[in-house]
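Summary of structural features
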Amino acid sequence: MEIVEAMKVIAIPQLSDNYAYLIVDPASGEAGIVDCAEPKPILEAVEKEGAHLTSILPTHHHFDHVGGNEELLAAVPGLTVYGYDDRVPGLTLTVREGDAVRVGSLEGRILEIPAHTTGHIAYYFEKERAVFTGDTLFAGGCGRLFEGDAAMMVQSMQKLRELPPETKVYFGHEYTENNLDFALTLEPRNSALQQKRKWAAQQVAGGGYTTPTTIESEEETNPFFRWQSEELRQTLAEKFPDLPMDDVSVFAKTRSLKDNF
Ligand SMILES: [Zn+2]
């Protein structure tokens, strides 16, 4: 039996705290890049892997995720550029929920997860148990509500919560320490959260990354996955006695507190 190496994912730091991710299909040598702000380190990683870059997989149109598209296209002509709408520079293939994305023999599909922007998408590789969530889901946090509201973000989060717990989550920014500090203000007694905060500090202090996380870890630690948490609700009820305790109100209050944290 021939054993084919699984999908390889390489995190590539961009700008001050962004991540792009190079996805490599070992079977074909083909690669795709999730988000691109700075082409140079991406092209270096492609060369180091001996890979053949064929596509850009942008999560949303913000400059720190697509600002390098044109330059990358100039360096590697003919790339397929996926995206939700033409706010993505260089777009060649408009995609919607459930559409297929191919990197060599790897096949992912699109999940629409709007609210940070209306066109925000995730790339979900079911067989490989990996999802690329851009600025919608971070380790311990979620993106700001620039183009959608809390109800829309709750739906996007719910869609991600339904993925298998072991699914690896590759997110768009290294905000984890700050996110977990905020989470601890709502759930100071959550031991999984306390442990993850310590782990994140060690990772970052050692020059490492906190990406990827997993759906399971987010279920245990992320206040934006935990609007049903009793401790979180208790904290909010004590601080805001008039707050309605439906899911969207709890989520919206959590998000507005984080905006000012
Ligand atoms: Zn963004």
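Throughout what follows, the structure given in this document is the object of discussion. Just so it is clear, the model here is predicted, and its values are computed rather than measured.

Conventions and cut-offs
Residues numbered from 1 in each chain as written. Predicted model: local features only at pLDDT ≥ 70, side-chain atom pairs only at ≥ 80, totals over all residues. Helix = DSSP H or I, 4+ residues; strand = E, 2+ residues; numbered from the N terminus. Rg over C-alpha atoms; globule rule 2.2 N^0.38 Å. Buried ≥ 20, exposed ≤ 12 C-beta atoms within 10 Å, placed from the backbone. Contact = placed C-beta atoms within 7 Å. Axes fitted to C-alpha atoms, helices over the stretch in contact; angles between N-to-C directions. Parallel < 35°, antiparallel > 145°, perpendicular 65-115°, else oblique. Left-handed = near helix turned anticlockwise from the far one by under 90°. Nonpolar A, V, L, I, M, F, W, Y, C, P; charged D, E, K, R; others polar. Pairing = 2+ DSSP bridges. Expected span 1.5 Å × (residues − 1). Core = buried A, V, L, I, M, F, W, Y, C linked by C-beta atoms within 7 Å. Arc of directions from axis to C-beta.

The next point concerns the overall build of the chain. When you go through the chain residue by residue, the secondary structure sums to nine helices and 14 strands. Computed over its C-alpha atoms, the radius of gyration of the chain comes to 18 Å, within 12% of the 18 Å expected for a compact globule of 261 residues. Its C-alpha atoms give the chain principal-axis dimensions of roughly 60 × 40 × 35 Å. Across the 261 residues that make up the chain, the buried fraction comes to 45%. For the chain, restricting intrachain contacts to residue pairs at least 6 apart in sequence, the fraction spanning at least 24 positions comes to 58%.

A few words now on the packing of helix α5 (residues 176-186) against helix α6 (residues 191-205). With their axes 9 Å apart at the nearest point, α5 and α6 run at an angle of 160° to one another. With respect to α6, the axis of α5 lies roughly antiparallel. For the pair α5 and α6, the sense of crossing is left-handed. Here α5 contributes Thr-176, Glu-177, Leu-180, Ala-183 and Leu-184 to the contact with α6, which in turn contributes Leu-193, Lys-196, Arg-197, Ala-200, Ala-201 and Val-204. Taken together, the residues of the contact of α5 with α6 sort by class into seven nonpolar, one polar and three charged.

Another aspect to go through is the packing of helix α4 (residues 150-161) against helix α9 (residues 247-259). Geometry of a packed helix pair, given as the angle between the helix axes and the separation of the axes. Viewed as axis vectors pointing N to C, α4 and α9 meet at an angle of 100°, and their least axial separation amounts to 9 Å. The angle between α4 and α9 places the two elements in the roughly perpendicular class. Where α4 abuts α9, its residues Ala-150, Ala-151, Met-153 and Val-154 lie against Asp-247, Val-248, Phe-251, Ala-252 and Arg-255. Within the contact of α4 with α9, the residues separate by chemical class into seven nonpolar, no polar and two charged.

A separate point is the sheet that holds strand β2 (residues 18-24). Taken in spatial order, the six strands make up an open sheet running β1-β2-β3-β4-β5-β6, and their pairing is mixed. Each end of this open sheet is capped by a strand with a single partner; those strands are β1 (8-14) and β6 (93-94). Two elements, strand β3 (residues 30-34) and strand β4 (residues 52-57), share five bridges in a ladder whose sense is parallel. Counterpart to Glu-30 in the pairing with β4 is His-52. Seen against the sheet, helix α1 (residues 39-49) touches β1, β2, β3 and β4 and runs at an angle of roughly 25° to β2.

Turning next to α9. Given a rise of 1.5 Å per residue, 13 residues ought to cover 18 Å, and the 18 Å separating the end C-alpha atoms of α9 matches this to within 8%. Looking only at α9, the buried set comprises Val-250, Phe-251, Ala-252, Lys-253, Thr-254 and Arg-255. Packing partners of the buried residues in α9 comprise α4, α5 and α8 (230-239).

Moving on: the nonpolar core. Grouped together as the largest cluster of nonpolar side chains are 60 residues, with contacts concentrated most on Ala-20, Tyr-21, Leu-22, Ile-33, Ile-42 and Tyr-123. No other element matches β2, which puts six residues into this core. Those residues within four positions of Ile-33 in sequence are excluded, and the remaining contacts are Ala-20, Leu-22, Ile-42, Leu-53, Ile-56 and Leu-57. The next biggest cluster of nonpolar side chains, apart from the first, holds five residues, and it includes Leu-180, Ala-183, Leu-186 and Leu-193.

So, about the sheet that holds strand β8 (residues 106-112). Strand order in the open sheet formed by six strands is β7-β8-β9-β10-β13-β14, and the pairing between neighbours is mixed. At either margin of the open sheet sits one strand with a lone partner, and together these are β7 (100-103) and β14 (213-214). Here β8 runs beside strand β9 (residues 121-125); their pairing, made up of four bridges, is antiparallel. When the bridges of β9 are listed, Arg-109 appears paired with Tyr-124.

With that settled, the discussion passes to α6. With 15 residues, α6 should reach 21 Å at 1.5 Å per residue; the first-to-last C-alpha distance of 21 Å fits that figure. Turning to α6, its buried residues are Leu-193, Lys-196 and Ala-200. Projected onto a plane normal to the axis of α6, the buried residues spread over an arc of 60° and lie on a single side. Residues of α6 that are exposed and point more than 90 degrees away from the buried face comprise Ser-191, Gln-195, Lys-198, Gln-202 and Ala-205.

Turning our attention to the environment of Thr-235. Here Thr-235 shows up in helix α8. Note on Thr-235: 19 C-beta atoms within 10 Å, which makes it partly exposed. Put simply, Thr-235 and Asn-178 are 57 residues apart on the chain and 19 Å apart in space, counted from C-alpha to C-alpha.

Take the pairing of β7 next. Of the two faces of β7, only one is covered, namely that formed by Val-101 and Val-103; the face formed by Ala-100 and Arg-102 stays uncovered. As consecutive antiparallel partners, β7 and β8 are separated by two residues, and within that stretch Gly-104 has a phi angle of approximately 60°, a positive value.

Just geometry here; none of it tells us what the structure is for.
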